[in-house]
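# Working through the structure, step by step
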Amino acid sequence: MNSQPTQGTSPIETPRRSFLSFLLSTSIGASIVAIFYPVLKYLTPPKTGEPATASVVIAKGNELKSNSGQIFKFGSKPGILVRTPDGEFRAFSAICTHLECTVQYKKETSQIWCACHNGIYDLSGRNVSGPPPRPLETFKVNLRGEDVVVSKG
Amino acid sequence: MTSKLRWISRLGYGWALGLSLLMTSPALAEPPQNKCLDCHSALEGNLQVKSEKWATDVHMAKGFDCAACHGGDPTQMDNKLAMNRAKGFIGAPKGLAIVHLCGKCHSDAAFMRKYNPAERVDQMNEYFTSVHGKRLKEGDINVATCVSCHGVHEIRVVSDPRSRVYPLNVADTCGVCHSNAQLMAPYHIKTNQKEEYQKSVHYEALAKKGDLSAPTCNKCHGNHGAAPPGIGSVANVCGQCHAIFADLFDKSPHKAAFARMDLPSCVHCHGNHEIKRPTDDLLGVAEGALCVQCHVAGDAGYKQAESMRKGINQLKVALAGSESLLTQAEQKGMEVSQPTYDLIEGRQELTKARTQVHSFNAANVEGDVKAGLLISARTEEKGKQALSEYQFRRKGLAVSLIIILAVIVTLYFKIKDIERRQKAE
Amino acid sequence: MARGKGLSTTLYEWIDERVQLESLIHFLSKKAVPQHRHSVWYYFGGMTLFLFFVQVGTGILLTMYYRPSAEEAYESVQFIMTEVRFGWLIRSIHSWSANLMIATMFIHLFSVYFLKAYRKPRELTWVTGFGLFALVLAFGFSGYLLPWNELSFFATKVGTEIAGIVPFVGRFLVRLLRGGDDVTGATLSRFYGFHIAILPGMVTLILTIHVLLVQRLGMSVPIKVEKEGEAGHGPVKDVPFFPNFFLHDLLGWYVVIAVLAALAALMPWELGKKADLFAPAPAGIRPEWYFVYMFQTLKFIPAKILGMDGEVLGILAFGLGGLFLLLVPFLDRDPAHHRRTRLFSGIGVFIVVYIIVLTIVGYRV
């Protein structure tokens, strides 16, 4: 149909061919955008700065009063930050070793107490009374300015 | 001695004679030993003491022989010489004599200190305050004494799982008498306690979950000073473990009201032996709820009950809704471990609300319910976000696939076009 | 002249004046690919290469957020999956593409084997290819540990333990791999170093040689097809690489992109449970599918065979199998003229069937 020289220099530009080329370049261009858009978004830092790791920062932790305790989130489990009557910071897992209820600080006796079945731990996490069979897991505590940094021991 | 006993002892005499002839021969001369078992292990009935059984006994392990309790001369094979009253032989003691015999050592602090300084020495005193002890003093020999529970010649320490008074075995030991209708009939005591107890949540914790701190008969009734706790003390007894509930109840209007009506606080609603896991249906004003057993429509208590139940229901429904949303998201492959963790806190608020019920003050319950609803709302939001993210991904995939398909199709036609062109050349 | 030219022409001339692109362009335009009934297998090398680039791209992106320490690895992956925008996409593509790449690599390896493309003059291509095969498996093994979840921890424990079976150097090898006697954070650091530095370096080197050799020697034509050509059925037809074969390649790559996107969106790679060094191994631990046949073989071997330790014999057998594959061009010399070559095809069939059957069994058991 197209009786043109077949030296292969310039191809015959029929409307269909140029349409096809146009389609091809557009769709390839679109696919490149579809690839680079997520990549660009990925490189943009997300709002929640950093992953929660094996160390947790309790902001303004040093505002915790003496002879009181505070529950905080450690990874996916609760922990309890305790400030002894002497002002020292300690942290433990807040999961009672009896039946996994969350413990709390009891001011009146300066002990850690589990409300479920009256289990009692001393301020070193040792189980001293009631059903709990084991002491509470102890965490390391460090102070950094106003914040308290708790990490796995 | 009864004639039966006399006949048996004559048999034993014959045995003993033959054996002692053998034993006294120089070839078999041995150091002084416990000859009592030589006969008594072969006897039948009440007089039988199997040596395998005695070998497991804690007293034997500590070096006490038969004479330490029964008196007599354990080195003698001859009946009369062995079971010699002059040598302190007391036979098999009965009733009060048993208690005093055990108490001779076990109430002697100086003596017990030689074996276990930390062991209590007031069991005998306690015993005499118990129902068993009091009746025994009045002459009733059918009541339990030391040996009824601890055994006689195979006494093990309490911490030994094979001991009859090991926590797992206590109910069975008490049940030997207390589940026996014939025995209990003269006292007009029910015999279904063990059966009921075995349906309870305490038994489940003890026997099935292996929690040895869970209560069995002696935790509530006492072991040596066994008696049912008085109506006024029930709350104290339950409160030994369930402290927070006892505390709340103490400060609630029910304390005075129940005392006035002579009702046994905790037991009145929760039962004593067949304590089942409480459900929310106990609370409220619907038919079958406990509150309406006393309260009527319009009175203050009725309103409190109604409000408390409503609040708790609300929270329960909200939490269930959040949970199902999160499960949906998780099954769709979305990562929802964070809100799932937060939901645990929400459930704890529900538990706290249910605990606060025991203050019988709707405002307290409402506080925990509100906190729980807040958490539930937050996790519900996260769940919805996860599901909408899921939808977003699917839509994004569809869009990308359309673009890629467009590329593939145009590529295909382009290739065909080029090939056609090349063929023509 | 300057005014009539387009931008691309100007650019081309500028570069050509400095780099002499002309000869490269000339070479590329002459590059041709034989067309015959087995041509479809030609695509799999390029496919593997394409997937490798996908791995490098997504892998580099992952390093922006991943933290290679035992305390933080799992949490950082969780972070990528939940907080980072499209993090789920990048991570799932990386995990899926790894598996896809190993699959195409197996197909590439066996198609070359059965078509005997390893014969002279392509022995070195085969040897470098086998080196790449080993390196990619090492990539898979080292990368698998990095999320630090239960499955990967125990799979690594079991896998590195097997290294200890090698006689004499076994224990040393294990310590070398694990960075200690047990799998710990030290292992993680080490595997990360392997995965993003050492292995990429080695692969770059060997891949360059492999691809250069392919360019130099062109595509091998199967013996039968060659013989038909000589017998007068006409010479084997060629298609130009640019644009024909390349566009076909591109088509295939876009299909793979679509598959990866669908897999990442519809079957995202799971996070698993964080590794606990002190927990006992969960039941049914096994390595990734591409190692299962070896793992299952070792499970089946009896403890003692003729007085020798069964596991050692198993490792030796696999070592010999690998050596056989590596040396096949030197063992099966001149396949065109020797009927002995049928034996090698037979061995190849046996190997493929063995791998498939043992893999299936490994998942059934």
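Worth saying up front: this structure is predicted, and the values here are computed from it rather than measured. (Residues numbered from 1 in each chain as written. Chains lettered and ligands numbered in written order. Predicted model: local features only at pLDDT ≥ 70, side-chain atom pairs only at ≥ 80, totals over all residues. Heavy atoms only, no water.)

## Points about the pairing of strand β9 (residues 138-144) of chain A
All names here are of chain A. Relative to β9, strand β4 (residues 89-93) runs antiparallel, the two sharing two bridges. Across the sheet, Ala91 pairs through a bridge with Phe139, a residue of β9. Both β9 and strand β10 (residues 147-152) contribute to a ladder of six bridges, which runs antiparallel. Bridge pairing in β10 links Val141 to Val150. Adjacent in sequence and paired antiparallel, β9 and β10 are bridged by two residues, among which Gly145 carries a positive phi angle near 65°. (Pairing = 2+ DSSP bridges. Helix = DSSP H or I, 4+ residues; strand = E, 2+ residues; numbered from the N terminus.)

## Thoughts on the packing of aromatic side chains
Enumeration according to the criterion identifies 46 aromatic pairs over all chains in this entry. The interplanar angle of 55° and the centroid separation of 6.2 Å between the aromatic rings of Phe64 of chain B and Phe111 of chain B together place this pair among those described as tilted. Within this pair, whereas Phe64 of chain B is found in the loop between α4 (58-61) and α5 (66-70), its partner Phe111 of chain B is found in helix α8 (residues 109-113), the two being separated by 47 residues in sequence. Pairing Phe241 of chain C with Phe245 of chain C gives two aromatic rings, centres 5.8 Å apart and planes at 35°, and the pair type is tilted. Here Phe245 of chain C and Phe241 of chain C lie together in helix α11 (residues 241-266), a separation of four residues that amounts to about one turn. This pair shows no difference in class: Phe241 of chain C is buried, exactly as Phe245 of chain C is. Taking the ring centre of Trp113 of chain A as reference, the NZ or CZ of Lys106 of chain A above it sits at 4.5 Å. (Phe/Tyr/Trp six-rings, centres within 6.5 Å; stacked < 30°, edge-to-face > 60°. Buried < 20%, exposed > 50% of the residue type's maximum accessible area, 1.4 Å probe, protein only. Lys NZ or Arg CZ within 6 Å of the ring centre and 35° of its normal.)

## Describing the nonpolar core
Leu411 of chain B together with Phe106, Tyr113 and Trp148 of chain C are the most contacted members of the largest nonpolar core, which totals 77 residues. For this core, the leading source of residues is α11 of chain C, giving twelve residues. If we ignore the near neighbours within four places in the chain, the residues touching Phe106 of chain C are Phe133, Tyr290, Tyr293 and Ile355 of chain C. Counting residues in hydrophobic clusters, the runner-up holds 22 residues, among them Met308, Leu325, Val336 and Ala353 of chain B. (Core = buried A, V, L, I, M, F, W, Y, C linked by side-chain atoms within 4.5 Å. Contact = heavy atoms within 4.5 Å.)

## Brief notes about the pattern of salt bridges
For side chains of opposite charge, pairing can occur when their charged atoms come near one another. Residues and elements named next belong to chain B. Across all of its chains, the model carries 32 salt bridges over all chains by this definition. Where Asp417 meets Arg421, a salt bridge forms, and the shortest distance between an N and an O atom there is 3.7 Å. Of this pair, Asp417 and Arg421 both sit in helix α23 (residues 362-424), four residues apart, roughly one helical turn. Overall, Asp417 belongs to the buried group, its relative accessible area being 2%. (Salt bridge = Lys/Arg side-chain N within 4 Å of Asp/Glu carboxyl O.)

## Quick word on the interface of chain B and chain C
Between chain B and chain C, the residue contacts involve 19 residues of the former and 23 residues of the latter. For the pair chain B and chain C, the summed buried area comes to about 1,800 Å², and 74% of that belongs to carbon and sulfur atoms. A per-residue breakdown of the area chain B buries against chain C is headed by Glu335, Arg393 and Leu397 of chain B, which together make up 29% of the total. The interface formed by chain B and chain C contains zero salt bridges. By residue number, the principal contributor to the side of chain B that touches chain C is α23 of chain B, which donates 16 residues. When its residues are assigned to classes, the side of chain B that touches chain C shows ten nonpolar, three polar and six charged. (Buried area = accessible area lost by both parts, 1.4 Å probe. Nonpolar A, V, L, I, M, F, W, Y, C, P; charged D, E, K, R; others polar.)

## Focus on the environment of Gly175 of chain B
Residues and elements named next belong to chain B. Here Gly175 lies in helix α12 (residues 167-178). Overall, the relative accessible area of 9% leaves Gly175 in the buried class. When the C-alpha positions of Gly175 and Gln193 are compared, they lie 8.2 Å apart, and in sequence the two are 18 residues distant. Not counting the four nearest positions on each side in its chain, Gly175 is found in contact with Asn180 and Lys194.

## Side note on the packing of helix α1 (residues 7-19) of chain C against helix α2 (residues 21-30) of chain C
All names here are of chain C. The N-to-C vectors of α1 and α2 enclose an angle of 105°; their axes lie 7 Å apart at closest approach. The orientation of α1 with respect to α2, classified from their angle, is roughly perpendicular. On the side of α1, the interface is formed by Tyr12, Ile15, Asp16 and Val19, while α2 contributes Leu21, Glu22 and Ile25. Looking at the contact of α1 with α2 residue by residue, the classes come out as five nonpolar, no polar and two charged. (Axes fitted to C-alpha atoms, helices over the stretch in contact; angles between N-to-C directions. Parallel < 35°, antiparallel > 145°, perpendicular 65-115°, else oblique.)

## Examining the side chain of Thr355 of chain B
Relative to the assigned elements, Thr355 of chain B resides in helix α22 (residues 337-356). Apart from the residues within four sequence positions on either side, Thr355 of chain B is in contact with Ile244, Phe245 and Leu248 of chain B.

## Description of unusual backbone geometry
Residues and elements named next belong to chain C. In this structure, Pro121 follows Lys120 across a cis peptide bond, with omega equal to 5°. When you line up the elements, Pro121 lands in the loop between α5 (87-114) and α6 (123-145). In this structure, Pro243 follows Phe242 across a cis peptide bond, with omega equal to -5°. Even without being a glycine, Lys116 presents a positive backbone phi close to 55°. Take Lys116: it is sitting in the loop between α5 and α6. Phi is positive for Phe168, close to 65°, though the residue is something other than glycine.

## Points about the environment of Cys69 of chain B
Mapped onto the secondary structure, Cys69 of chain B falls in helix α5. When residues no more than four places from it in sequence are discounted, the contact partners of Cys69 of chain B are Ile90 and Leu101 of chain B.

## Here's the deal with α23 of chain B
Taking 1.5 Å as the rise per residue, α23 of chain B with 63 residues should run 93 Å; its terminal C-alpha atoms sit 91 Å apart, in good agreement. Structurally, the start of α23 of chain B carries an N-cap: the backbone nitrogen of Ala363 of chain B is 3.0 Å from a side-chain oxygen of Asn361 of chain B. (Expected span 1.5 Å × (residues − 1). Polar contact = N/O pair within 3.5 Å; in protein donor to acceptor, adjacent residues only side chain to side chain.)

## Some words on the environment of Tyr254 of chain C
Mapped onto the elements, Tyr254 of chain C comes out in helix α11. Not counting chain neighbours up to four residues away, the residues in contact with Tyr254 of chain C comprise Ile28 and Ser31 of chain A together with Ile404, Val407, Ile408 and Leu411 of chain B.

## Observations concerning a nonpolar patch on the surface
Judged by side-chain polarity, Leu320, Leu323, Leu327, Phe330 and Leu331 of chain C come together as a nonpolar surface patch covering roughly 430 Å² of accessible area. Structurally, Leu331 of chain C can be placed in helix α13 (residues 310-331). (Patch = residues over 30% accessible without salt bridge, like charges linked within 9 Å, V, L, I, M, F, W, Y side chains within 5 Å. Areas by Shrake-Rupley, 256 points an atom, 1.4 Å probe, with all protein chains shown as cover.)

## Side note on the interface of chain B and chain A
Contact with chain B, which involves 24 residues of that partner, is made by 26 residues of chain A. When chain B packs against chain A, close to 2,000 Å² is buried across both sides, 63% of that on carbon and sulfur atoms. For the interface between chain B and chain A, the tally reads zero salt bridges. In this structure, the connection of chain B to chain A is made through seven residue pairs in polar contact (both at pLDDT 80 or more). Elements with a minimum of two residues in the side of chain B that touches chain A: α18 (243-251), α22 and α23 of chain B. The dominant element in the side of chain B that touches chain A, judged by the number of residues it contributes, is α23 of chain B, at eleven residues.

## Structural notes on the pairing of β4 of chain A
Residues and elements named next belong to chain A. Judged by how many residues are buried, β4 sits mostly within the fold: four of five residues are covered. In the sheet, strand β3 (residues 77-83) pairs with β4 via five bridges, with the strands oriented antiparallel. The partner of Leu81 across the bridge, within β4, is Ala91. Between the antiparallel neighbours β3 and β4 lie five residues, among them Gly87 with a positive phi of about 95°.

## Side note on the sheet that holds strand β8 (residues 127-129) of chain A
Residue and element names in this part refer to chain A. If you trace the four strands from one edge of the open sheet to the other, you get β5-β6-β7-β8, paired in antiparallel fashion. Bordering the open sheet on either side are β5 (104-106) and β8, each of which pairs with just one other strand. Direction aside, the axes of adjacent strands within the sheet are offset by 40° on average. Relative to strand β6 (residues 111-114), β5 is paired through three bridges, and the arrangement is antiparallel. Looking at β6, one finds that Gln104 is bridged to Trp113.

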